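Examining the three-dimensional arrangement
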Amino acid sequence: MAELIGIDEARRRVLAEVWRPAAEDVRLDRALGRVLSEDVTSPVDVPPFDASAMDGFAVAGTAPAELRITGESRAGWPSSVGVEPGTAVAISTGAAIPTGTVAVVPVECTARLGGSVRVEEVPENANVRRAGEDVLAGTVVMSAGRELGPAAIGVLAGVGLAKAPCARRPRVSLVATGDELVEPGLALAPGRIWSSNPLALAGQIARAGGEVALSQTVPDEPRATREALERALASAEVVCVSGGVSVGAHDHVKGALEELGVAERFWGVALQPGKPTWFGVASRPAGRALVFGLPGNPVSAMVTFHLFARPALRALQGADPRPRTASAVLDGPLRRNPRRAQAVRCALSAREDGWHAVPTGPQGSHVMTSMLAADALAMVPTGQGELACGERVRVELLEGAV
Ligand code: AMP
Ligand code: MG
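Sequence order sets the numbering: in each chain, residues are counted from 1 along the sequence as written. By the order in which they are written, chains take letters starting at A while ligands take numbers starting at 1. Where local features are concerned, this predicted model is filtered to residues with pLDDT of at least 70; where side-chain atom pairs are given and counted, the filter is 80 or more; whole-chain, interface and lining totals use all residues. Derived side-chain values reflect all non-hydrogen atoms in the structure, with water molecules and hydrogen atoms excluded from consideration.

What to know about the layout of surface pockets
One simple way to see leftover space: roll a probe sized like a water molecule over the atoms. Residues are called lining when one of their atoms sits within 4 Å of a cavity or pocket point, these points coming from a 1 Å grid over the protein atoms alone, where a cavity is a set in which a 1.4 Å probe fits but cannot get out and a pocket is an open set with protein on both sides within 12 Å along at least five of seven lines. Grid points are joined across faces, edges and corners, and a volume is the space filled by probe spheres set on the points. Counted as a void, the largest pocket has a volume near 600 Å³. Helix and strand definitions here come from DSSP, where helices need a minimum of 4 consecutive H or I residues and strands a minimum of 2 consecutive E residues; each element is numbered from the N-terminal end. Elements with a minimum of two residues in the lining of the largest pocket: strand E15 (193-194), helix H6 (298-315), strand E23 (334-335) and strand E24 (341-351). Of the residues forming the lining of the largest pocket, the biggest block, four residues, is contributed by E24. When grouped by side-chain class, the residues that make up the lining of the largest pocket number 11 nonpolar, 19 polar and seven charged. For every domain, the bounds stem from an assignment made automatically or drawn from a database. A domain-level breakdown of the lining of the largest pocket finds at least three residues from each of domain 1 (7-22 + 168-315) and domain 4 (325-397). Considered as a void within the structure, the second largest pocket measures approximately 350 Å³ in volume. Taken together, 17 residues make up the lining of the second largest pocket; nearest its centre are Gly33, Glu147, Arg207, Arg310 and Arg314. Of all elements in the fold, only helix H3 (197-207) and H6 reach the threshold of two or more residues within the lining of the second largest pocket. Basically, the charged four are Asp, Glu, Lys and Arg, the nonpolar ten are Ala, Val, Leu, Ile, Met, Phe, Trp, Tyr, Cys and Pro, and anything else, Gly included, counts as polar. Taken together, the residues that form the lining of the second largest pocket break down as three nonpolar, three polar and 11 charged.

Structure follows, in structure tokens:
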């Protein structure tokens, strides 16, 4: 770890290695969280026809009048008769406007008298939704790179699409290293711990739009580590390793990656937590692969995944990889570190003067519960002394991590 690089430089080196994603059509009922690979143009007007915005009566004039009811237009069942002076057609919300309609009088502004109806004065065009008012045929309703949430899926369905062109989900292989690791649910021997990183990271991968191809756990042994990494590289275009990436006598990840010809792009970030983070690129018969060596401490693994691997997964889908940031008022002092920037887990609250950030408690990189209340990472730059209570700090939202 010759020289530590900054967080921004590390992210720049990661993003320099991503490639254009492949695309596939995805049924809308499976498309939540997927990223559009192309702009989507609406083939139709929405609404497709002039429609009523209210239950009431379609009328041919604006003045108060007593009108003969000549028909009904229901949602899905347009009226065969139009309106003309002296007549009205009963109409439901969403029903097609009969020909000759000048306005729809809401039912609350009418009184029924047998086969007639007395209507109050109404402005021209009142309660009529015009065709194309929401979406005009031929316009781009959504651009490539957009992540499909419920509203986006609703809009795509509303213009009649059953599928959306989406970036393929990047496949990610996980390798957890450590003699001490025991699968949750099995009994612990002395000195052992339950392995939490593969499950927490798998959650972050899914939330970043990736797909776990393979998850392996290996002891601190060079050959087992190398073989697991070989399988990982054969099965996915992104590999995340947890642990074994520091300088200890039993850390074999770097050596194994070197033997496999994975080219280092950085090792060591001026960041707390997350100093030993490693990143490199492998060339495989199936194409390039990105390899992230994440520190084993559970908080470090999650934070470094969020800061470095998540942007890569998003960029590999054509989505904006930049973190969402805000400025927040610190509700407690934070001691600066002269050599490393700090990513401090904070809870955010909205106040009169904007966002406020308060650290979630002890910040040890093994204190996994400190992630539970964390809405954001307060990014404290290197420096002397402390950031005082009341000072402003830049926060990066911990989307998809908590
Ligand atoms: P390492 O990066 O391998 O030196 O590990 C740093 C710390 O993280 C040690 O306390 C490990 O026991 C712990 N650790 C490593 N892998 C995991 C894991 N999969 N789940 C929980 N803790 C882990
Ligand atoms: Mg270890």
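After that view, the rundown keeps rolling.
Quick notes on the environment of serine 195
Counting through the fold element by element, serine 195 comes out in the loop between E15 and H3. With relative accessibility at 9%, the residue serine 195 sits in the buried group. Each C-alpha atom, one on serine 195 and one on threonine 177, is 9.5 Å from the other, the two residues being 18 residues apart in sequence. Any two residues whose heavy atoms approach within 4.5 Å at even a single point are treated as in contact. Excluding its chain neighbours within four sequence positions, the residues that come into contact with serine 195 are Ala176, Leu181, Val182 and Pro184. For each residue, the accessible area found with a 1.4 Å probe, counting protein chains only, is set against the maximum for its type, and the residue is called buried under 20%, exposed over 50%, and partly exposed in between.

Description of the sheet that holds strand E5 (residues 65-73)
DSSP calls a pair of strands paired once it identifies at least 2 bridges connecting them. Overall, mixed pairing links the six strands, which are arranged E7-E4-E6-E5-E9-E8 in an open sheet. The outermost strands of the open sheet, each flanked by one partner alone, are strand E7 (103-106) and strand E8 (110-113). Neighbouring strand axes in the sheet, compared pairwise and without regard to direction, differ in orientation by 40 degrees on average. The pairing of E8 with strand E9 (residues 116-119) spans four bridges and is classified as antiparallel. Of the residues in E9, the one forming a bridge with arginine 112 is valine 117. Lines fitted to C-alpha atoms define the axes here, with helix axes fitted over just the stretch in contact, and angles between the N-to-C directions of these axes take values from 0 to 180 degrees.

Brief notes about the packing of H3 against H6
Interaxial distance between H3 and H6 falls to 10 Å at its minimum, and their mutual angle equals 30 degrees. Between H3 and H6, the crossing angle belongs to the class labelled roughly parallel. In this structure, H3 meets H6 at a crossing whose hand is right-handed. In this structure, H3 uses Asn197, Ala200, Leu201, Gln204 and Ile205 to contact H6, whose residues at the interface are Pro298, Ala301, Met302, Phe305, His306 and Leu313. Tallied by class, the residues present in the contact of H3 with H6 amount to eight nonpolar, three polar and no charged. When an angle is under 35 degrees it counts as roughly parallel; over 145 it counts as roughly antiparallel; between 65 and 115 it counts as roughly perpendicular; any other value is oblique. Should the near helix be turned counterclockwise from the far one by less than a right angle, the crossing is left-handed, whereas a clockwise turn marks it as right-handed.

Let's talk about the packing of aromatic side chains
Working definition: rings of Phe, Tyr and Trp (its six-membered ring) pair if their centres are within 6.5 Å, and the pair is stacked with planes under 30 degrees apart, edge-to-face with planes over 60 apart, and tilted otherwise. What the rule picks out here adds up to three aromatic pairs. Geometrically, the ring pair formed by phenylalanine 266 and phenylalanine 279 is tilted, given 5.7 Å between the ring centres and 35 degrees between the ring planes. Residue phenylalanine 266 is found in strand E18 (residues 263-267), and its partner phenylalanine 279 is found in strand E20 (residues 278-284); the two are separated by 13 residues along the sequence. A residue is classified by how much of its surface remains accessible, and phenylalanine 279, at 0% relative accessible area, is buried. With a centroid separation of 6.0 Å and an interplanar angle of 65 degrees, the aromatic rings of phenylalanine 266 and phenylalanine 308 are classed as edge-to-face. In this pair, phenylalanine 266 sits in strand E18 while phenylalanine 308 sits in helix H6, placing the two residues 42 residues apart along the sequence. Residue classification places phenylalanine 266 among the buried positions, given a relative accessible area of 3%. Here the aromatic residues Phe266, Phe279, Phe292 and Phe308 are joined through ring pairs into a cluster of three or more.

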